[in-house]
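Single-letter residue listing:
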Amino acid sequence: MKKLIFKSLVFIIVFLSALLIISKIMNRDNNSMTKEMAPPSLPIVYMQTEGVQYNELHGLVEDTEPPFQRDTMTVLGEDRKLDFQVELFDSHISKLAIEVRSCDGKRLVENTEIRNYQLTKNTVQVRTNVKDLIEPDTEYELIIVITDENDREIRYYTRMIWNEELYVTEKLSFVKEFHEKTFDPVAINDLVKYMESNSQGNNTTLHKVNIHSSLAQLGWGELDVKPIGEPSLSLKDINGQTASVQLRRMVFTGSGKKKAYYFVEEVYRIRYTTDRVYLLDFDRTMTQIPDVRSDVYSNNKIYLGIVPENIPLMESEDGNVVVFEVANRLCSYNITTNKLAVIFSFYDEEHGDARSIYLQHNIQILDVNEAGNVQFAVYGYMNRGRHEGEVGIQLYTYDSGKNTIEESAYIPYHKTFEIMDCEIQNLLYWSREGILYLYLNHTIYGVDTINQTISKLAVMENDESVNISDNHKIAAWYEGNNLKLMNLGLQKQVTIYAEAGEQLYALGFMNEDLIYGVARNEDIAKDSSGRIKVPMYKVCICDSTGNILKKYEQENIYITDCKVTGNQITLERVEKKENGDYKTINQEHIMNNTKLEEGKNRLIVAAIEGYERVVQIEVRSTIDSRSLQVLTPKEVVFEGARNMQLDLERFDKGFYVFDRYGVTGVFMNPAEAFRQAYENSGVVVDERGSTIWIKGNRVAKNQIMAIKEQQPVKDKNSLAVCLDTLLKYKGVTVSTEELLEGGKSAFQIMQENLTGNRVMDLTGCNLDTVLYFTNRDIPVVAILEDGEAVLIVGFNQYNIVILEPKTGKLVKKGINDSSQWFEKNGNRFLTYYPVE
């Protein structure tokens, strides 16, 4: 018996030893194929003005398009003085130079190597002067070029202007002082005069605070908030009196195990005078960084804290795995195994300097399965790792069993994160067949990561060419007169065919069901400006296979617009009268009674004393925090590259809207771009990078003196008079009356005859918007409802000057009366701007 026990013990010891040896071998092999993400290695550049540091610039190592690098503005001082500091960290410089280019990036103004600079252990201090080759009050692109010890060229971009009367130091100092006073319970009372506290302010959440919030809310409510380090100031825009400034920093609350960290971003719009500074607008966003290793679990809830109330969250079909992203950190919680993985983040406890917490990227959850494997994309500026200093889309797979992440594809991009984000929010969808669908450059692409191929599904002709469901699974676009409808998840396309003599118009989605209208060709009409009016006699709702679920059709009733809000469709309707005109009638509402299936895990919002509204994840079962494992996956190492290049041809129809927050829209319709820029006090830039519209950038008065009064021509069409006058002003003589009678629109006539100019239909923009062009000596055609027209050729503080075709006279008309007159006539304007 003793021998048997002894043999059994020996067998067990040998068996366990063998397991240990095999485990070590397997782990050694696994470790040799994985590693932690490489730390950041690029320097940071800070601009300086009279001791104030601003414009934290992060380097790019790949080619980019300079005209779209508009994130910051640097102001040169007396004698074109340029001061900046390079924070080296652990890198070294072998060469330092500056480039100055025209705003569109085409013309090189200066390329100078900087040899005289002050070098300390970790910083380089530069004090130099830009050469006397630039014009005052003119925007340029400044590029600081650093070559490191590995001969890697790193480029830092900022817009630049030389103007000694912009009071840039005073404006930046005001913002910094305002911000610092919010931490002082006594000094904050000095800020009362700047705030516009009223009912528009939401005083129930610290996540969002604005100029309308209470003073107490501005002062962080009841939280004892402490700043970390120095704030980072970015000058977004500046002119004589006003400036837009962004401030970013980290703060914390509590201590020990209760210590919590937050990202804070504030945006200021100020007006500076010699008497005082006025705060025109203020917004703050405070976002907590959830510490999943601390005590944030209670019963069946994961406490996230002061974060957006609609953070991205996706669960597996069985609800056992829930993936969420908050503060640019992607996490996954497996309810069955009680494991939480911090799948991806550029910052962590070891990497928390300004390079890692630069939040010019997004993380999008694409798919999660029952095994806990996650597909996700990181897009934008890459703070560190394999693609550090690049802008692109990095597609990853998280393997829950191996606790690793692996890059499956990388798509480089040569504009900015903000422009990419505006477009890619329309569509970024992953199918389980390994195809990534995305919308960029007005094109829908299918990226096959398995076969390493890229296809173009559709190229858009206008802003309404594509419709995509909210979950990005179903897409619809035009193909000739027909509609293409595709279920991206199933890789299945169907065509919805238009009947003879009819046109189809995609109107939107109700969940995954397409809403489209049908119009007869005989009902579709163009006005004299070329604007199309589409009364639709029928509206259909179909599923992703094209199967009709519902029709709406009434005799002599036509639909002119459709809006989807929640589970309700609202149809704007008109009735056709006997004389052929249309009369607006009451809206029609269509309800969707199908309830969306709720997830097994959900976001909830709670009110906690001191913290106000906070966000939690409520999972399907109780979390055992004592046995919970928190994992940090390593990255799989592979040889070579997995880059896939999109065919991003220059698209000459794009308009980009920038406001104090950055890029807010990408449009093909200039009127839509100008309207958004007008509402947000922004700037419109075209595809060449040229600024074509700025709100408020207008002199007090201007008149195009080359356009003079003329003899009236009896019975001549007033629109033809306006077009003839405009074209003659541009040196073109043509009989526009004959062209109009031949069926051509005013837009077509201008487009065919104004070579070297881009003609724009600005229907829907107000008078104040289009006067920007008159300010630039560009006439504007205004078309009235009855088909008549006038030509706007001047303005002052009180009046506009129009050419009145019937009399041939230049007539002054009150600016307010004119604005109302044009609005009643549909605000239909045509103009142009030079592109050569």
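Preceding this paragraph is the structure being described.
Residues numbered from 1 in each chain as written. Predicted model: local features only at pLDDT ≥ 70, side-chain atom pairs only at ≥ 80, totals over all residues. Heavy atoms only, no water.

## Focus: the pattern of salt bridges
Phase 1 of the analysis: In this structure the tally under the stated criterion is 35 salt bridges.
Phase 2 of the analysis: For the salt bridge of K181 with E177, the shortest nitrogen-to-oxygen distance reads 3.2 Å. Of this pair, K181 and E177 both sit in helix α2 (residues 168–181), four residues apart, roughly one helical turn.
Phase 3 of the analysis: For E177, a relative accessible area of 46% puts it in the partly exposed group.
Phase 4 of the analysis: Here D367 and R432 are joined by a salt bridge, their closest N and O atoms 3.0 Å apart. Here the residue D367 occupies a position in strand β23 (residues 361–368), and R432 occupies one in the loop between β27 (428–431) and β28 (435–440), the gap between them amounting to 65 residues.
Phase 5 of the analysis: Residue classification places D367 among the buried positions, given a relative accessible area of 15%. (Salt bridge = Lys/Arg side-chain N within 4 Å of Asp/Glu carboxyl O. Helix = DSSP H or I, 4+ residues; strand = E, 2+ residues; numbered from the N terminus. Buried < 20%, exposed > 50% of the residue type's maximum accessible area, 1.4 Å probe, protein only.)

## Digging into the sheet that holds strand β12 (residues 208–210)
Phase 1 of the analysis: Across the sheet, which stays open at both edges, the five strands sit in the order β12-β16-β15-β14-β13 with antiparallel pairing between neighbours. Both edges of this open sheet fall to β12 and β13 (226–238), since each of them pairs with a single strand only. Between one strand axis and the next, the sheet turns by 15° as a mean value, whatever way the strands run.
Phase 2 of the analysis: As paired elements, β13 and strand β14 (residues 242–253) share nine bridges and run antiparallel to each other. (Pairing = 2+ DSSP bridges. Axes fitted to C-alpha atoms, helices over the stretch in contact; angles between N-to-C directions.)

## Here we look at the pairing of strand β44 (residues 602–608)
Phase 1 of the analysis: The sheet contact formed by β44 and strand β45 (residues 612–618) spans seven bridges and is antiparallel. For A606, the partnering residue across the bridge sits in β45 and is V614.
Phase 2 of the analysis: In sequence, β44 turns back onto β45 through a hairpin of three residues, with G610 there showing a positive phi of about 90°.

## Remarks on the packing of aromatic side chains
Phase 1 of the analysis: In the structure shown here, the tally under the stated rule is 26 aromatic pairs.
Phase 2 of the analysis: Ring centres 5.2 Å apart and planes at 70° place the aromatic pair F174 and Y194 in the edge-to-face group. With F174 in helix α2 and Y194 in the loop between α2 and β12, this pair connects stretches of sequence that are 20 residues apart.
Phase 3 of the analysis: Looking at F174, the relative accessible area reads 11%, which means it is buried.
Phase 4 of the analysis: Taken together, a centroid distance of 6.2 Å and an interplanar angle of 40° make the contact between Y379 and F417 tilted. Placement of Y379 in strand β24 (residues 374–381) and of F417 in helix α4 (residues 417–424) is noted, with a sequence separation of 38 residues between them.
Phase 5 of the analysis: Residue classification places Y379 among the buried residues on the basis of a relative accessible area of 3%.
Phase 6 of the analysis: Among the aromatic side chains, those forming a connected cluster through ring pairs are F655, F674, Y678, W693, Y772 and F773.
Phase 7 of the analysis: A cation over an aromatic ring shows up here: R271 above the ring of Y278, its NZ or CZ 4.6 Å from the ring centre.
Phase 8 of the analysis: Directly above the ring of F795 sits R698, whose terminal nitrogen or CZ lies 5.0 Å from the centroid. (Phe/Tyr/Trp six-rings, centres within 6.5 Å; stacked < 30°, edge-to-face > 60°. Lys NZ or Arg CZ within 6 Å of the ring centre and 35° of its normal.)

## What to know about the nonpolar core
Phase 1 of the analysis: Grouped together as the largest cluster of nonpolar side chains are 92 residues, with contacts concentrated most on F84, F178 and L438.
Phase 2 of the analysis: Once residues within four sequence positions are removed from consideration, L438 is found in contact with I393, I411, L427, L428, T443, I444, Y445, V447 and L646.
Phase 3 of the analysis: Among the nonpolar cores identified, the runner-up in size contains 55 residues, and V657, A673, C722 and I749 belong to it. (Core = buried A, V, L, I, M, F, W, Y, C linked by side-chain atoms within 4.5 Å. Contact = heavy atoms within 4.5 Å.)

## What to know about the environment of V251
Phase 1 of the analysis: Tracing the sequence through the fold places V251 in strand β14.
Phase 2 of the analysis: Remark: the alpha-carbon pair of V251 and N111, spanning 140 residues in sequence, is separated by 40 Å.
Phase 3 of the analysis: What V251 contacts, discounting residues up to four positions off in sequence, is F183, V225, K226, P227, I228, A260, Y261, Y262, V264 and M286.

## A look at the sheet that holds β23
Phase 1 of the analysis: Taken together, six strands build an open sheet; the order of strands is β1-β47-β26-β25-β24-β23 and the sheet is mixed. A strand with exactly one partner marks an edge of an open sheet, and here the two such strands are β1 (34–35) and β23.
Phase 2 of the analysis: Looking at chain direction, β24 and strand β25 (residues 391–399) are connected through eight bridges and run antiparallel. Within β25, the position partnered with V374 by the bridge is Y398.
Phase 3 of the analysis: Its contacts with the sheet put α4 on β23, β24 and β25, and the angle it makes with β24 is roughly 135°.

## Notes on empty space enclosed by the protein
Phase 1 of the analysis: Throughout the structure, instances matching the rule amount to four cavities of 30 Å³ or more.
Phase 2 of the analysis: Lining of the largest cavity is provided by 20 residues; of these, Q69, D71, Y358, Q360 and T416 occupy positions nearest its centre.
Phase 3 of the analysis: Among the elements of the structure, β3 (52–58), β11 (153–162) and α4 are those that each provide at least two residues to the lining of the largest cavity. (1 Å grid on protein atoms, 1.4 Å probe; cavity = no way out; pocket = protein on both sides within 12 Å on 5 of 7 lines; lining within 4 Å. Points joined across faces, edges and corners; volume = space filled by probe spheres on them.)

## A few points about the side chain of T769
Phase 1 of the analysis: Within the secondary structure, T769 is located in helix α9 (residues 767–775).
Phase 2 of the analysis: By relative accessible area, T769 is classed as buried at 2%.
Phase 3 of the analysis: Filtering out sequence-adjacent residues up to four positions away, T769 remains in contact with F674, Y678 and W693.

## Observations regarding unusual backbone geometry
The general pattern is negative phi for most residues beyond glycine and trans for most peptide bonds.
Phase 1 of the analysis: The residue N403 is not glycine, and still its phi comes out positive at about 55°.
Phase 2 of the analysis: Secondary-structure assignment places N403 in the loop between β25 and β26 (404–412).
Phase 3 of the analysis: Positive phi, close to 65°, is recorded for D777, a residue that is not glycine.
Phase 4 of the analysis: Locating D777 in the fold gives a position in the loop between α9 and β54 (780–783).

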